[in-house]
Amino acid sequence: MTQFSRRAFLLTATAACATSRLHAGTGTFEVTRSEAEWRAMLTDTQYLVMREEKTENAYLSPLNDETSRGTYICRGCNLPLYASDAKYDSGTGWPSFTAPLRNAVATKPDNTLFTTRTEVHCRRCGSHLGHIFDDGPAPSGKRHCLNGASLVFVAK
């Protein structure tokens, strides 16, 4: 590959990654807010995770160690997303679940990091929650690996 071809490839790949991020969180949702409204209600970390689709550092969320019965709801719109019965310790450092509540989340492809992953969002406000992987326990075989910054736990 020539130097020009390598440069063109790298520029194209970089543009593709940037474009996928620019369109993140766009769409029609039941709950919408302006950027200023989101920034006013969220911390800097919550904003980066929920609105710019970043990932919080592993083992920082207190929700990773939460074991009480209850429901995990969206920090952006209070929609119930995951039941505590679906939560398990994946050993990854992020709250992990086998499945969401019915009609709670939406997914889309995430083509960053030179691979395709499944990104999971709140279906009502579009907030980024995390990713879904195919290495979870039975019965679903799925691991919903979520950012605690996107969630609020409501105990029963």
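Residues numbered from 1 in each chain as written. Predicted model: local features only at pLDDT ≥ 70, side-chain atom pairs only at ≥ 80, totals over all residues. Heavy atoms only, no water.

(A) Highlighting the packing of aromatic side chains. The full count for this structure, using the stated rule, is three aromatic pairs. Relative to Phe97, the ring of Tyr82 has its centre 4.6 Å away and its plane inclined at 35°; by these criteria the two rings are tilted. Of this pair, Tyr82 sits in strand β2 (residues 80-83) while Phe97 sits in strand β4 (residues 96-97), and the two are 15 residues apart along the sequence. With relative accessibility at 0%, the residue Tyr82 sits in the buried group. Between the NZ or CZ atom of Arg33 and the centre of the ring of Trp38, over which it lies, the distance is 4.9 Å. (Phe/Tyr/Trp six-rings, centres within 6.5 Å; stacked < 30°, edge-to-face > 60°. Helix = DSSP H or I, 4+ residues; strand = E, 2+ residues; numbered from the N terminus. Buried < 20%, exposed > 50% of the residue type's maximum accessible area, 1.4 Å probe, protein only. Lys NZ or Arg CZ within 6 Å of the ring centre and 35° of its normal.)

(B) Fine view of the sheet that holds strand β1 (residues 70-74). Across the sheet, three strands lie side by side as β2-β1-β9; this open sheet has antiparallel pairing. The open sheet has two free edges, formed respectively by β2 and β9 (151-155), since each of these has just one partner strand. Pairs of neighbouring strands in the sheet enclose a mean axial angle of 30°, with direction left out of account. Bridge analysis of β1 against β2 gives three bridges, and the strand direction is antiparallel. Bridge pairing in β2 links Ile73 to Pro80. (Pairing = 2+ DSSP bridges. Axes fitted to C-alpha atoms, helices over the stretch in contact; angles between N-to-C directions.)

(C) Seen up close, the sheet that holds strand β6 (residues 117-122). Pairing is antiparallel in the open sheet, where six strands are placed in the order β3-β4-β8-β7-β6-β5. The strands lining the two open edges of the sheet, one partner per strand, are β3 (87-88) and β5 (105-110). Across six bridges, β5 lies against β6 in antiparallel orientation. Paired with Pro109 across the bridge in β6 is Thr118.

(D) Geometry of the layout of surface pockets. One number sums up the size of the second largest pocket: a volume of about 150 Å³. The wall of the second largest pocket is formed by Thr43, Thr45, Gln46, Glu56, Asn57, Leu60, Ser61, Pro62, Leu63, Arg75, Gly148 and Ala149. Across the lining of the second largest pocket, the residue classes tally to four nonpolar, six polar and two charged. (1 Å grid on protein atoms, 1.4 Å probe; cavity = no way out; pocket = protein on both sides within 12 Å on 5 of 7 lines; lining within 4 Å. Points joined across faces, edges and corners; volume = space filled by probe spheres on them. Nonpolar A, V, L, I, M, F, W, Y, C, P; charged D, E, K, R; others polar.)

(E) Region of interest: the confidence of the model for the chain. Within the chain, residue pLDDT values average 86, and 83% of them lie at 70 or more. Under a pLDDT of 50 for its full length, residues 1-25 has, in the predicted model, 17 contacts with residues more than four places off or in other chains. (pLDDT = per-residue confidence, 0-100. Contact = heavy atoms within 4.5 Å.)

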